[in-house]
2 protein chains.
Amino acid sequence: MRSPIDNYLADLHADLLGLDTGVPFQGIPAMKDADNSKFAIAIATVDGHVYQVGDAELEFSIQSISKPFSYALALDDMGLEIMDEKVDVEPSGDAFNEISLARDSGRPANAMINAGAIATISMIRDRDTGRFERLLEHFSAAAGRSLEVSESIYASEALTGHRNRALAYMLRSFDIIETDPTPVLEDYFRACSVMVNTRDLAMMAATLANGGTQPITGTQVMGQEAVQRTLSVMTTCGMYDDAGSWIAAVGLPAKSGVGGGLIAVLPGQLGLAIYSPALNPHGSSVRGVEASERISADMGLHFVRAARLGRSVIRENYSIAEVPTHIRHTDAAEKLLAEYGECARIIELAGDLLFAGTESLVREVSSLDNDVELVILDLRRVDEIDKIAVRLIHQLARELSDESRTLALVQELAFEELSSLRSFPSRNEAIEWAQSTLLARHGSPDMVPETVAVRDFSALAPLDASDIAKLESLMEESQIEDGRILRRPGQEFGGVYFILGGKVATSTLESGKAVRRATLSAGMTFGEIALSAEGEQITRVTALGKLHLKVLSAASITQLEAEDPAAALRFWKALARDAYTRVEANIKDSTHPLN
Amino acid sequence: MRSPIDNYLADLHADLLGLDTGVPFQGIPAMKDADNSKFAIAIATVDGHVYQVGDAELEFSIQSISKPFSYALALDDMGLEIMDEKVDVEPSGDAFNEISLARDSGRPANAMINAGAIATISMIRDRDTGRFERLLEHFSAAAGRSLEVSESIYASEALTGHRNRALAYMLRSFDIIETDPTPVLEDYFRACSVMVNTRDLAMMAATLANGGTQPITGTQVMGQEAVQRTLSVMTTCGMYDDAGSWIAAVGLPAKSGVGGGLIAVLPGQLGLAIYSPALNPHGSSVRGVEASERISADMGLHFVRAARLGRSVIRENYSIAEVPTHIRHTDAAEKLLAEYGECARIIELAGDLLFAGTESLVREVSSLDNDVELVILDLRRVDEIDKIAVRLIHQLARELSDESRTLALVQELAFEELSSLRSFPSRNEAIEWAQSTLLARHGSPDMVPETVAVRDFSALAPLDASDIAKLESLMEESQIEDGRILRRPGQEFGGVYFILGGKVATSTLESGKAVRRATLSAGMTFGEIALSAEGEQITRVTALGKLHLKVLSAASITQLEAEDPAAALRFWKALARDAYTRVEANIKDSTHPLN
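Summarised in this report is the structure supplied together with it. Source: prediction; values computed, not measured. (Residues numbered from 1 in each chain as written. Chains lettered and ligands numbered in written order. Predicted model: local features only at pLDDT ≥ 70, side-chain atom pairs only at ≥ 80, totals over all residues. Heavy atoms only, no water.)

## Details of the interface of chain A and chain B
Piece 1. With 111 residues of chain A at the contact, the number on the chain B side is 111 residues.
Piece 2. Approximately 10,500 Å² of surface area, both sides summed, lies buried where chain A meets chain B, with 59% of it carried by carbon and sulfur atoms.
Piece 3. Linking chain A with chain B are four salt bridges, by the criterion used here.
Piece 4. Scanning the region where chain A abuts chain B turns up 18 residue pairs in polar contact (both at pLDDT 80 or more).
Piece 5. Among the elements that take part in the side of chain A that touches chain B, helix α19 (residues 565-589) of chain A stands out by supplying 18 residues, more than any other.
Piece 6. Among the residues making up the side of chain A that touches chain B, the classes are represented as 46 nonpolar, 26 polar and 39 charged. (Contact = heavy atoms within 4.5 Å. Buried area = accessible area lost by both parts, 1.4 Å probe. Salt bridge = Lys/Arg side-chain N within 4 Å of Asp/Glu carboxyl O. Polar contact = N/O pair within 3.5 Å; in protein donor to acceptor, adjacent residues only side chain to side chain. Helix = DSSP H or I, 4+ residues; strand = E, 2+ residues; numbered from the N terminus. Nonpolar A, V, L, I, M, F, W, Y, C, P; charged D, E, K, R; others polar.)

The following block contains the structure:
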């Protein structure tokens with residue numbers, strides 16, 4: 001099926017082909033006869049998918065769209081402060097080729113006008129490969145393919161660039177350029193003569209949108225600070241004397257070039273590029289501006305509309321008393337947990353933790369009752385954590401700790417910046433920790449029994465002492481080493497396993513990886529799931545440390561049924577009761593998650 | 001516990017109190033002696049929470065911060081096009097009191113400089129209550145409380161505003177102002193003399209951040225288009241001749257006033273306001289600018305950093321064959337569903353559907369195998385749906401339909417804009433629809449049996465014909481009317497209910513509201529959950545349409561146990577098997593959701 005986005009772009013392209021005002025750039029002989037029937041639109045997403053329509057592989061010279069990328073390279077080379085001394089960041093309100101130098105210092109108004117771009121080139125370091133080679137590599141890395149210079153356009157630029165020569169000497173006279181301006185100018189002309197197609201420009205714009213990392217190759221082409229600064233300057237200065245109405249109508253940082261290209265960037269989302277050579281009086285592509293306005297309005301890309309709503313990232317806030325336990329306890333321990341369960345709360349988060357979302361989280365935790373001793377943040381549905389969120393979460397942990405309260409996290413793939421905090425890979429494990437902590441703080445040592453006798457298993461509660469003795473006489477006892485696998489997916493029913501001491505972990509295999517599901521401890525049973533209609537084990541059961549088991553094997557059950565059908569009936573009723581207890585726990589559990 | 005955000009603001013406030021450069025505005029006698037030890041910071045979130053530190057309740061005159069709000073009101077009154085004819089949207093690069101009128105038309109460069117603001121006032125309609133009363137109500141609605149004019153500041157403004165009078169007459173001479181300029185000027189002076197405190201300004205900024213809706217009162221104070229335009233102009237023109245470095249360092253639309261106030265807006269997230277009267281040479285509060293830079297950097301508010309990553313909104317993509325059915329079918333139907341289950345896929349989405357997220361969704365659906373006939377989008381975790389997303393989803397539905405494929409949605413609280421599409425309130429119901437659709441398309445009419453005989457119940461599959469006959473002889477038969485409640489939470493075990501024909505719905509009560517959980521149809525049983533350790537029913541079971549039941553009551557089971565213990569044993573074994581089949585289904589189900 002063809003994507004509706006391709007359809008949309010195709011319709012827009014067809015529609016705007018009819019718009020044939022404007023003329024190609026006349027300043028350079030090699031460009032003035034450009035074919036205005038050529039028209040391309042490309043959108044590259046930050047995950048590297050490209051939508052394109054029209055002549056998206058047709059090459060043209062990059063011209064002024066080189067400026068933001070030269071600026072980013074210079075910023076990475078020299079740092080923001082030193083660059084600011086040479087080139088300011090203020091909109092000039094002037095056309096691209098205006099002089100716009102500060103009266104006293106000679107500092108160009110910004111790096112998007114010619115004077116600022118020439119000064120910028122002079123700041124790029126001449127390393128092993130030479131300055132222009134570095135620039136070309138930089139552009140190529142952002143585009144994701146090797147770009148080349150058009151020698152004919154370069155020759156034409158060099159031949160006709162009198163005004164730019166004047167600017168360069170003016171900059172030299174103010175010591176903004178501190179060396180011979182001629183090689184700087186040559187590199188500037190070369191940078192403007194790099195040949196790109198619309199797809200390249202979309203990828204270069206997407207590299208800016210993606211914080212400087214090229215979406216497909218994964219190369220970090222520019223530093224994040226350089227990107228932030230470059231996009232800021234593109235916002236106020238990218239469209240020359242048309243900046244205000246551009247921001248009002250399109251609302252994206254952008255840059256146009258007299259070659260007919262135009263890029264716009266939606267930070268974090270996508271890069272847009274358009275090519276069509278006929279220009280408006282501001283020197284920007286007529287179809288490019290019109291297409292940008294239409295795309296921004298139709299797709300909701302304007303920075304105000306694309307803003308993420310600062311909605312709460314909190315999905316749930318509940319105490320561990322409201323969650324089925326998965327871990328069985330003695331009656332005394334259960335009673336204590338029922339009493340103190342409210343002292344451990346789980347806050348489930350979802351989405352991205354930027355300032356606004358984290359702010360709502362911090363507010364929620366700060367306003368928790370003082371009785372809440374354990375705060376568990378469930379981060380499994382969180383996608384991204386900003387610097388401020390990391391700091392605020394660490395601060396929360398410290399402040400809770402000052403009050404003898406504890407913060408813990410549930411995270412499947414741990415966020416590295418939070419790795420110093422207590423974390424659990426699953427909610428079950430966090431709850432298990434919270435329960436033991438509460439029992440240790442408020443209970444007596446016998447509340448987490450190390451061993452449970454067969455007669456105390458809740459699964460057998462409906463049976464009387466003689467039935468239990470009978471069952472126990474049929475069981476086989478064993479001591480198991482840590483790590484041994486007791487049950488594997490696919491095995492048929494092998495009996496009911498009673499854990500007298502120690503623990504086991506159950507896990508399921510998903511895409512070949514074991515995913516831990518529950519921890520079972522003394523007093524619990526396993527193995528019965530294989531009694532289901534499918535008749536086979538679906539979880540893997542592994543000993544966690546030393547394990548003491550009694551097993552009522554399938555054969556023993558058959559024996560019991562033959563020898564004492566009435567006792568067997570009571571046993572099966574007890575098993576059915578135990579199974580429905582689990583079904584019930586699942587129904588209750590699913591009040592939180594999706595049904 | 002004190003919020004770390006309050007702590008942060010308190011530290012920042014204490015730190016910046018030491019910054020004592022700048023002087024209060026000297027142009028108006030009533031303001032020139034403002035106490036520069038006063039300093040306040042307030043942040044209001046779009047959900048109405050306010051953090052504040054310092055003298056946040058101290059009042060001062062709003063001055064130029066009135067301009068964006070006057071502009072928004074004029075835009076709402078006159079529309080964007082008419083306003084654009086009167087006031088342009090380009091940065092002037094000049095100080096606030098520069099003339100900056102276009103040479104030919106006399107049109108002011110933008111609405112944030114005095115000339116543009118005066119022209120803006122002239123465009124606000126004089127309705128029942130008079131122009132200035134409307135303005136004051138507008139400011140008050142954004143602040144969320146009744147604001148008042150300082151008569152002494154107004155008198156001072158009116159007395160010393162010669163330059164503004166000159167601007168007004170200049171605007172009149174160009175017919176930008178079409179009436180007597182004197183009352184316009186009076187209203188302009190009054191608008192600048194409205195008294196606000198820092199908290200008010202933060203709420204007014206948050207109203208802009210919140211798309212024009214006041215966060216606390218919920219009043220729609222400004223239209224969304226007016227807000228988008230106003231924030232755009234604030235971006236390029238709000239800080240006068242300091243716009244470029246402001247965007248580079250702070251990266252937020254903003255407005256300062258010579259009264260010492262300053263607001264900044266993070267669209268969708270928050271409004272920031274600062275007050276301190278000493279000004280820098282650009283006419284903005286020294287501490288205000290410094291605090292804004294620090295807060296933006298520390299909290300990651302710069303528009304490039306606050307950008308949401310265009311990550312995929314797709315959480316899962318699986319076929320209905322991978323989900324436990326909840327609905328039992330005949331063997332032939334089960335076989336057919338196993339074969340065709342891949343033809344119905346569920347795509348689970350989460351987060352906000354803006355362009356980038358929807359783009360990934362559209363890409364996923366477009367690339368589905370052509371065999372996929374039914375596409376179910378599970379929107380239950382989606383928070384917000386943008387216009388473009390609505391359009392693309394409708395387009396997807398149409399394009400799938402053109403290929404005889406069907407799109408359906410799962411949404412708990414339906415998004416109104418998607419209400420014309422086929423929607424189900426739960427995944428279960430969507431799967432039920434998908435299964436019936438597949439059976440109807442690919443199977444024979446007998447595959448969805450209207451009635452099932454007791455001998456064909458899968459729960460009784462392990463039993464032989466004579467056991468089943470015995471059980472059936474103990475059952476009571478009944479015909480039930482639509483809507484009757486058969487089981488209620490809290491009831492003890494009343495027997496096993498066999499559905500011979502018709503359907504029931506099970507639901508649990510959450511916060512007093514019934515939440516539908518499953519639909520059971522012919523061939524299925526209910527009532528057994530009350531066999532659990534708790535010994536009571538936890539779901540409500542209601543007849544959906546006419547229902548034909550047979551019930552094996554608790555008393556009949558007791559009777560069977562007494563009369564024929566061997567048969568009773570086999571019956572209980574069958575029940576245990578059925579229960580473990582459900583436990584197993586839950587374990588499998590939870591491979592998708594959280595464990």
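## Notes on the side chain of S193(A)
Residue and element names in this part refer to chain A.
Piece 1. Its place among the elements puts S193 in the loop between α8 (181-192) and β5 (194-196).
Piece 2. We classify S193 as buried; its relative accessible area is 0%.
Piece 3. With residues near it in sequence (within four places) discarded, S193 still touches S61, E148, V149, S150, I153, Y154 and E157. (Buried < 20%, exposed > 50% of the residue type's maximum accessible area, 1.4 Å probe, protein only.)

## Regarding the pairing of strand β1 (residues 40-45) of chain B
Residues and elements named next belong to chain B.
Piece 1. Burial within β1 is extensive, with six of its six residues counted as buried.
Piece 2. Bridge analysis of β1 against strand β8 (residues 270-275) gives six bridges, and the strand direction is antiparallel. Looking at the pairing, A40 lines up with Y275 of β8.
Piece 3. The pairing of β1 with strand β2 (residues 50-54) spans five bridges and is classified as antiparallel. Across the sheet, the residue bridging to A44 is V50, located in β2.
Piece 4. With antiparallel pairing between neighbouring strands as the criterion, β1 and β2 make up a hairpin whose turn holds four residues, including G48 at a positive phi of roughly 95°. (Pairing = 2+ DSSP bridges.)

## Regarding the relation of the copies chain A and chain B
The pair of chain copies shares a relation made of a rotation about an axis and a shift along it.
Piece 1. For these two chains of identical sequence, chain A goes onto chain B by a turn of 180° and a shift of 0.0 Å along the axis, with RMSD 0.3 Å. Here the two chains are linked by the operation of a two-fold rotation axis.
Piece 2. The overlap is high: 99% of the interface residues of chain A also sit at the interface in chain B, so the same surface is used on both sides. (Least-squares fit on C-alpha atoms with pLDDT ≥ 70 in both.)

## So, the packing of aromatic side chains
Piece 1. Throughout the structure, instances matching the rule amount to 14 aromatic pairs over all chains.
Piece 2. Ring plane angle 20° and centroid distance 4.7 Å describe the contact between Y497(B) and F526(B), whose orientation is recorded as stacked. Of this pair, Y497(B) sits in strand β16 (residues 495-510) while F526(B) is found in strand β18 (residues 525-526), placing the two residues 29 residues apart along the sequence.
Piece 3. Judged by centre distance (5.8 Å) and plane angle (65°), the rings of F571(B) and W572(B) are edge-to-face. We note that F571(B), like W572(B), is buried.
Piece 4. For R287(A), the ring lying beneath its charged end belongs to F39(A), and the centroid distance is 5.3 Å. (Phe/Tyr/Trp six-rings, centres within 6.5 Å; stacked < 30°, edge-to-face > 60°. Lys NZ or Arg CZ within 6 Å of the ring centre and 35° of its normal.)

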